[in-house]
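# Architecture at a glance
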Amino acid sequence: MGLLWSMRPVPGSREGLRLRKLNVCIPQLVNISVYSGHVGVGFREQDPLASVLTERWYMAPGVRRIDIKEKGVRGTLFIPHGPGPFPGLLDMWGGGGGLLEYRAALLASHGYASMALEYFNPAEVNTAELELNYFETAFNIVRDHPQVMSDRVGLFGLSLGSIVSISLAAWSSVVKPRCCVCISGNHTHARGGTIGDVFNEFITNVHKVRMDENNYEIWRGMGLPIPDDISQKVDVGKINCPILLVNGDDDQNWPTVESAEDMAQMMRAAGNEHLLTRLEYPDAGHLIEPPYSPHFRATKFLKDGQKVILLWGGTTKPHSDAQEDSWKKILAFLQQNMYSSSGPRAKL
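In this text the structure is predicted, and so the values were computed from the model without any measurement.

## Some thoughts on empty space enclosed by the protein
A water-sized probe rolled over the atoms picks out the places where empty space is left. For the structure on display, the rule yields four cavities of 30 Å³ or more. By volume, the largest cavity amounts to about 100 Å³. Together, 13 residues line the largest cavity, and Leu19, Gln28, Tyr58, Ser293 and Pro294 are the ones closest to its centre. Considered class by class, the residues forming the lining of the largest cavity number seven nonpolar, two polar and four charged. A volume near 60 Å³ is recorded for the second largest cavity. Forming the boundary of the second largest cavity are Arg18, Leu19, Leu287, Glu289, Ser293, Pro294, His295, Phe296 and Gln323. For the lining of the second largest cavity, the per-class residue count stands at four nonpolar, three polar and two charged.

Here it is in structure tokens:
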């Protein structure tokens, strides 16, 4: 699989590109070719010595894709093959916004009815006004589906999606998740407000943004130091379900490892640290995706209507190793806490 996770944009491509699968109903086609004396440039003018076309599928045979547009919620629900019922997941991506389906499709292929939730679009002002009740409604749509086990619905988030997941698990009187998987998230924002308010909290520290030698923006300083004031953080001591935190030690976008350590201290003081599992990977960055996804250390991001390039961090080989290892452990965590006949357990 190294042929896939080590892929790079074609030399001369626009800066800051990121490869993501948009239409999960068709495979991702990858041409693998061998060239004589290939050194990275000029090879497209040659005839390959050998070529093969491979297909990468994100939906297993029999998985059903259902568009969701009800009660003001937008998303896509993927139902695994078989009679069901299945455990359910609400899947939320980060601040880049839009509707991304490939992780939910993969999760459904592993036996979880998963809804990819569209909740933030930088181009739409109204999405910044979303409050927690939007996510509570989305959670209930998954929970109430006839092929979902209503008492076994979890939360899965990356970056901003993890912030939402942690907030719901701690504060919502409606959402009672079976477990939570939070990748590159944090707990440092005040209770209440909207998605836009979360970004406004970031903006107050915009003076802490640094630029690297390539003029890429480094945001992690905006989250430091971790506040001592409990009113400026999610009260994770109130979380009563197993939660898995997955972070990279080279995260240049946010101090997620420091946030995870503070969460652990808060949960230890509250007596619920037994529900917490932490995975931390050296030389891995912010964008820990499903396995074999190409690593992109820096990509374009829409900030205040302007495209900038954010530094996410990570080094290709260890970051790719982290994606592979964390995915296996995420699936094991879900299996243990969503399919087990006993009560929820935290540790892998």
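## Comments concerning the UniProt feature "active site" (unreviewed entry) in the protein chain
As recorded in UniProt, the feature "active site" (unreviewed entry) lies at Ser159, Asp251 and His286. The greatest C-alpha distance among the residues just named is 11.0 Å, despite their covering 128 residues of sequence, which places them together in space. When only the residues just named are considered, the second largest pocket is lined by Ser159 and His286. Looking at the element boundaries, Ser159 is found in the loop between β7 (148-158) and α4 (160-171). By relative accessible area, which is 15% here, Ser159 ends up buried. With residues up to four places along the chain from it excluded, the contact list for Ser159 reads Gly94, Ile183, Ser184, Gly185 and His286. Of note, His286 is situated in the loop between β12 (276-281) and β13 (298-303). Assessed through its relative accessible area of 1%, His286 is described here as buried. With residues near it in sequence (within four places) discarded, His286 still touches Leu158, Ser159, Ser184, Asp251, Asn253, Trp254, Thr256 and Trp312. A distance of 3.4 Å separates the side chain of His286 from the side chain of Asn253, its partner in a polar contact.

## Regarding the packing of aromatic side chains
Here the structure, examined in full by the defined rule, presents seven aromatic pairs. Summarising the aromatic geometry, the rings of Trp93 and Tyr102 are spaced 5.1 Å apart at their centres and angled 45° between planes, so their arrangement reads as tilted. Owing to a relative accessible area of 3%, Tyr102 belongs among the buried residues under this scheme. Summarising the aromatic geometry, the rings of Trp219 and Phe301 are spaced 5.7 Å apart at their centres and angled 80° between planes, so their arrangement reads as edge-to-face. Linking Trp219 in the loop between β10 (217-218) and β11 (243-248) with Phe301 in strand β13, this pair joins segments that are 82 residues apart in sequence. Each member of the pair Trp219 and Phe301 is classed as buried. One aromatic cluster is present, formed by Tyr58, Trp93 and Tyr102 through successive ring pairs. Stacked on the ring of Trp93, the Lys or Arg Arg20 has its end atom at 5.1 Å from the ring centre.

## Side note on the nonpolar core
If you look at the biggest cluster of nonpolar residues, it comprises 93 residues, and the most contacted ones within it are Met115, Leu117, Tyr119 and Ile243. For this core, the leading source of residues is α4, giving eight residues. If we ignore the near neighbours within four places in the chain, the residues touching Met115 are Ile68, Val73, Thr76, Leu77, Leu89, Leu90, Asp91, Ala104, Ala138, Ile141 and Val142. Tyr216, Ile218, Ala298 and Leu311 belong to the second largest nonpolar core, which has five residues in total.

## Description of the sheet that holds strand β8 (residues 180-183)
The strand order across the open sheet built from eight strands is β3-β4-β6-β5-β7-β8-β11-β12, with neighbouring strands paired in mixed fashion. The open sheet terminates on both sides in strands that have one partner only, identified here as β3 (64-70) and β12. When strand polarity is set aside, the average angle formed by the axes of neighbouring strands in this sheet is 20°. With four bridges joining them, β8 and β11 adopt parallel strand pairing. When the sheet's bridge partners are listed, Cys182 is paired in β11 with Leu245. Lying on the sheet, α4 is in contact with β5 (86-92), β7, β8 and β11; it crosses β7 at an angle near 135°. The strands that helix α7 (residues 316-339) touches are β5, β7, β8, β11 and β12; relative to β12, the one it contacts most, it runs at about 170°.

## A closer look at the domain arrangement of the protein chain
Buried accessible area, meaning the area lost when the parts come together, often serves as the stated size of an interface. Here the domain parsing of the protein chain yields domain 1 (2-24 + 59-339) and domain 2 (27-57). Each of domain 1 and domain 2 has a C-alpha centre, and these two points are 33 Å apart. At the junction of the two partners, domain 1 supplies ten residues and domain 2 supplies eight residues. Interface area, domain 1 with domain 2, both sides summed: about 810 Å², of which 64% is carbon and sulfur. Linking domain 1 with domain 2 are zero salt bridges, by the criterion used here. Where domain 1 meets domain 2, there are zero residue pairs in polar contact (both at pLDDT 80 or more).

## Some thoughts on the environment of Lys69
Within the secondary structure layout, Lys69 lies in strand β3. What makes Lys69 exposed here is its relative accessible area of 75%. A sequence separation of 46 residues divides Lys69 from Asn23, and the C-alpha atoms of the two residues are 18 Å apart.

About the criteria used
Residues numbered from 1 in each chain as written. Predicted model: local features only at pLDDT ≥ 70, side-chain atom pairs only at ≥ 80, totals over all residues. Heavy atoms only, no water. 1 Å grid on protein atoms, 1.4 Å probe; cavity = no way out; pocket = protein on both sides within 12 Å on 5 of 7 lines; lining within 4 Å. Points joined across faces, edges and corners; volume = space filled by probe spheres on them. Nonpolar A, V, L, I, M, F, W, Y, C, P; charged D, E, K, R; others polar. UniProt positions renumbered as here; feature names shortened; annotations may be inferred. Helix = DSSP H or I, 4+ residues; strand = E, 2+ residues; numbered from the N terminus. Buried < 20%, exposed > 50% of the residue type's maximum accessible area, 1.4 Å probe, protein only. Contact = heavy atoms within 4.5 Å. Polar contact = N/O pair within 3.5 Å; in protein donor to acceptor, adjacent residues only side chain to side chain. Phe/Tyr/Trp six-rings, centres within 6.5 Å; stacked < 30°, edge-to-face > 60°. Lys NZ or Arg CZ within 6 Å of the ring centre and 35° of its normal. Core = buried A, V, L, I, M, F, W, Y, C linked by side-chain atoms within 4.5 Å. Pairing = 2+ DSSP bridges. Axes fitted to C-alpha atoms, helices over the stretch in contact; angles between N-to-C directions. Domains from an automatic or database assignment. Buried area = accessible area lost by both parts, 1.4 Å probe. Salt bridge = Lys/Arg side-chain N within 4 Å of Asp/Glu carboxyl O.

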